[in-house]
Amino acid sequence: MEEIKQILVNNEVLPINHESKNSSIIWIRAFLEYCIHNHAEKLTQSDVLKEHFKLDATKHEFRKAKLIEKKGFYYKKDSYTLKQMKAFPYSIAKELNLNLEINFGEKIKYTGTDLNDLTEKCELLSDMIKATTELYHASTTNDEQRGLLETIIGAGIWYLPSHKNELYSGYASVALLEDICNKDLNDIKWTEEHSFPRKVAGNRLYSQYINEVNSNSQFLKELYLSRLGRFNIVTTNENNKLKRFATVDNFINDNLSYEAAEIHLVNFPLELFSKLVSIKNSNKKANKALSETTDQIRLEKIRTKIALNNQAFEEIKITAKTLLNIL
Amino acid sequence: MNTRIELLAKFIISTAPIYQSEETNARQKALMETIVGAGVFYLPSGNDYYNGFISQAVLHALGRNNKIKLVKEHQFPRKITGKLCYTKYLNLIEEDLGNLDKLYYEKFGRWNYVLESENKKLIKYSKTHNFIDENTSYLLSGIELVAMSLADIRLRRAEGSEDIIVDEY
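Since this is a predicted model, take the numbers as computed values, not measurements.

1. Considerations on the overall build of chain B
Point 1. Counting secondary structure elements, chain B contains nine helices and five strands.
Point 2. Ordered by position from N to C terminus, the α and β elements of chain B give α-α-β-α-β-α-α-α-β-α-α-β-α-β.
Point 3. Taken along its principal axes, the extent of the C-alpha atoms in chain B is 55 × 30 × 20 Å.
Point 4. Classification of the 169 residues of chain B by burial places 37% in the buried group.
Point 5. Across chain B, the fraction of contacts at a sequence separation of at least 24, relative to all contacts at a separation of at least 6, is 85%.

Next comes the structure, spelled out in C-alpha cells:
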C-alpha cells in the first residue's frame, strides 16, 4: 500500500494530501494506477478508468488530456496482465493486498417476529456452504460450475426473511428525491437496491469469509443483518446502471459501485420511507377501487382517502426539497 | 453430461446429510428444496426439452391472436424437483451423477406451452403440499394438453406474431 501511495505521489496522479480523503474510489484508482505503471502496454490511466468505470466520453477525454498534458505518459509493459486487470479488478486488488474487508457498518438489532426463522436459516445456509466448500475449490470444478454454486448460495440469501423496517439502510438516492419533488405520487417508483450483490456474496462466502463461516455459526446472520440484507432506495434507472458493477469480478464494495455508477445517497429517514410506502400502497388500492365501484358513498370515501394521501405526499415533498437544498 | 447438471448433482449429494439430519426442521428442509430449485432454474431449457404438448387454449388462440404470450411451463415445479432430488431420487443420483442428467431430460426439465393465465392457475397446484403429480395439476387446473410439434406451432401462428419462445416461469 505504501508503495502505491508513493508511486501516486511521485507521478502527481493524486494530490499529496490524498491521505486525508477517505474515499474508496481514490484507492481503487490508486491500485489501477499501480497496475498500469507496472504492467500496462500503451494505455493511459484514463483508458483503463473508462473501461472500468464506464465514464462518459467527455470525462474520459478530459482525464486523458489532463494526463497527457501532465506527464505525456503511456505505459509499456505486459498487456496480458492489463487484460486481467480490466477483467478482474477484484482479484488484482486482492493480489495487491488492498483492504477488501467488508465494512460491517452499523449493527442493527433485528426484532422481527421471525428472528428464530432467520437464525435457523442462516445456520442452515452456513452448513450448506461448509458442506460444499471442498466442491467449490476442487480443481475438477470449473469456473462456470463455481458461478452456479455462487448463484445457488445467493438464491439462499434471497430467501432469508426480511423486515423492511430493520434492513432499510436509511439512504435514498438524490435522483429519487428529485423524482419525489417533481412527480405525482402515482408516478413515483423506486427499487430496493441491495448494495451487496447476492452472487458476489456467494463468491465471498466461499473464499474471503470461509474461515469466519467455519468458525462462527452466527457469522452469516451478522453479515446479513449488517450488509447482505441491507438496502437503499434508488430509481429503476440507477438500479440498472449498478448492474455492470455488481458482478463477481467487478464488485469491490458498495461505495465504489455507487460512485462508479454516479449515484449519490442522502439520508432519508425510515419514518419518511415507511410513510411513502404506506401512502403509495394505499393510493394504489384506492385507485383500483375507484375504477371498480359505482356506489356514490364509497366513491366519496375513496376520493377523500386519495386526497389525504396526496396531502401526506406533499409533506414528504417538502422534506425531500429540504434534504436536497442542504446538499 | 451438462456441467451444470453435474455440479447440481454434486451439490445435492454433498448437502443431503444436512437434509436428512434429525436436527434439520421442516422450514429448513423447505429452504434447501427451494435452493436446489433455484439451481434448476439455471439449467438448460431449450427446445430439446419441449415435451411436444400445448394447451387447448393455446391451440385455440394460435391462429387468431398475434399477441398471445406462450409460457414455458415446467411440469415439475422447481421446488418439487428439489424435494424429489433429496428424497425419492437421492440414491439414484448418488449411484451415478449422470442419473440427474437423465432425470432432468426425461422429467424435471420438460415443459409444455400454456397461456400466461393458465400458468397462474397452475401455481396453486405447484405448492409442495398441493402437488400430487404433473397430470393431476393440469387436470385440477382445467388445462387440457394436445400434442403438437414446434414446427406446427410456428405454422399455425397468426400473421404478424412475434417469434415464439417467450417467458419462462
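2. Here's the deal with the interface of chain A and chain B
Point 1. Listed as interface residues are 19 residues of chain A and, on the opposing side, 18 residues of chain B.
Point 2. Looking at the side of chain A that touches chain B, the elements that each hand over two or more residues are helix H7 (115–137) and helix H8 (143–158) of chain A.
Point 3. Here the side of chain A that touches chain B gets nine residues from one element, more than from any other, and that element is H7(A).
Point 4. Split by residue class, the side of chain A that touches chain B holds nine nonpolar, five polar and five charged.

3. Digging into the confidence of the model for chain A
All names here are of chain A.
Point 1. Looking at chain A, the pLDDT average stands at 74 and 65% of residues meet or exceed 70.
Point 2. Note that residues 1–5 has pLDDT below 50 and, in this model, four contacts with residues that lie over four places away or in other chains.
Point 3. Confidence drops under pLDDT 50 across residues 95–105; counting only partners more than four residues distant or on other chains, this segment forms 16 contacts.

4. Some remarks on the environment of Lys120(B)
Residue and element names in this part refer to chain B.
Point 1. Checked against the element boundaries, Lys120 lands in helix H7 (residues 116–126).
Point 2. When the 13 C-beta atoms within 10 Å are taken as the criterion, Lys120 is described as partly exposed.
Point 3. For the pair formed by Lys120 and Arg78, sequence separation is 42 residues and the distance between their alpha carbons is 15 Å.

5. Quick word on the packing of helix H1 (residues 3–20) of chain B against helix H2 (residues 26–41) of chain B
Residue and element names in this part refer to chain B.
Point 1. The interhelical angle for the contact between H1 and H2, taken along N-to-C directions, is 180°, at an axis separation of 11 Å. Considered as vectors, H1 and H2 are oriented roughly antiparallel to each other. Packed against H1, whose contacting residues are Leu8, Phe11, Ile12, Thr15 and Tyr19, the element H2 presents Lys29, Met32, Val36 and Gly39 at the interface.
Point 2. Among the residues forming the contact of H1 with H2, the class breakdown is six nonpolar, two polar and one charged.

Thresholds, definitions, all that
- Residues numbered from 1 in each chain as written.
- Chains lettered and ligands numbered in written order.
- Predicted model: local features only at pLDDT ≥ 70, side-chain atom pairs only at ≥ 80, totals over all residues.
- Helix = DSSP H or I, 4+ residues; strand = E, 2+ residues; numbered from the N terminus.
- Buried ≥ 20, exposed ≤ 12 C-beta atoms within 10 Å, placed from the backbone.
- Contact = placed C-beta atoms within 7 Å.
- Nonpolar A, V, L, I, M, F, W, Y, C, P; charged D, E, K, R; others polar.
- pLDDT = per-residue confidence, 0-100.
- Axes fitted to C-alpha atoms, helices over the stretch in contact; angles between N-to-C directions.
- Parallel < 35°, antiparallel > 145°, perpendicular 65-115°, else oblique.

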